[in-house]
Amino acid sequence: MTEAQARKVYKLAKKECCNCYDGFCVLLDTPCPQCITRSLICKWFIRAVLPAYFPLYVELTGDQGKTKPCAVCGKLFVPSGSRSVYCTECADQIKRKKAAERKRKQRSSVTF
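This write-up is about the structure you can find in this document.

Analysis parameters
- Residues numbered from 1 in each chain as written.
- Predicted model: local features only at pLDDT ≥ 70, side-chain atom pairs only at ≥ 80, totals over all residues.
- Heavy atoms only, no water.
- Helix = DSSP H or I, 4+ residues; strand = E, 2+ residues; numbered from the N terminus.
- Rg over C-alpha atoms; globule rule 2.2 N^0.38 Å.
- Buried < 20%, exposed > 50% of the residue type's maximum accessible area, 1.4 Å probe, protein only.
- Contact = heavy atoms within 4.5 Å.
- Core = buried A, V, L, I, M, F, W, Y, C linked by side-chain atoms within 4.5 Å.
- Pairing = 2+ DSSP bridges.

Points about the overall build of the chain
Now for step 1: In terms of helices and strands, the chain carries five helices and five strands.
Now for step 2: Counted from the first residue to the last, the chain has its helices and strands arranged as α-β-β-β-α-α-α-β-β-α.
Now for step 3: Over its C-alpha atoms the chain spans a radius of gyration of 20 Å, topping by over 25% the 13 Å that the globule rule assigns to 112 residues.
Now for step 4: Principal axes of the C-alpha set define a box for the chain whose edges measure 70 × 30 × 20 Å.
Now for step 5: Within the chain, the fraction of its 112 residues that count as buried is 27%.
Now for step 6: In the chain, the proportion of contacts linking residues at least 24 apart, taken out of those at least 6 apart, comes to 27%.

This is how it looks when you write it as structure tokens:
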């Protein structure tokens, strides 16, 4: 990790990681391991915080090939399966719209 990348990671850990409080890890009750090293060491940081900042994530992990653009908004996301088409935010919206359409069609075919 370069010096510039290390600075970005340090700022990101202090600002966004829920376990980092004033440079200390709440879970480990020690100085934050991600803040004191120049490598990606904290599993929580790698899995929960870093993917939200995609350019830095790709720069550090090299997982560019595992990403797809969302069919609705175009934002790059890491798919949860091989058939994933939407990012998590858009998937919720699309799921609601399709469910409403399905129920509307189902209710219109009912005769008394």
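Thoughts on the nonpolar core
Now for step 1: Within the largest apolar cluster, 15 residues are counted, with the highest numbers of intra-cluster contacts made by Leu-12, Phe-45 and Leu-50.
Now for step 2: Those elements giving two or more residues to this core turn out to be helix H1 (3–16), helix H3 (43–49) and helix H4 (54–61).
Now for step 3: Sorting elements by how many residues they give to this core places H4 first, with four residues.
Now for step 4: Leaving out residues up to four positions away in the same chain, Phe-45 has contacts with Val-9, Leu-12, Ala-13, Gln-34, Leu-40, Leu-50 and Pro-51.

A closer look at the sheet that holds strand E2 (residues 24–25)
By way of backbone hydrogen bonds, the strands of a sheet pair with one another, either parallel or antiparallel.
Now for step 1: With antiparallel pairing, three strands are arranged side by side in an open sheet as E1-E2-E3. On the outer flanks of this sheet lie strand E1 (20–21) and strand E3 (30–31), each paired with one strand and no other.
Now for step 2: In this structure, E2 lies alongside E3, joined through two bridges in antiparallel fashion. Bridging across to E3, Phe-24 finds its partner in Pro-31.

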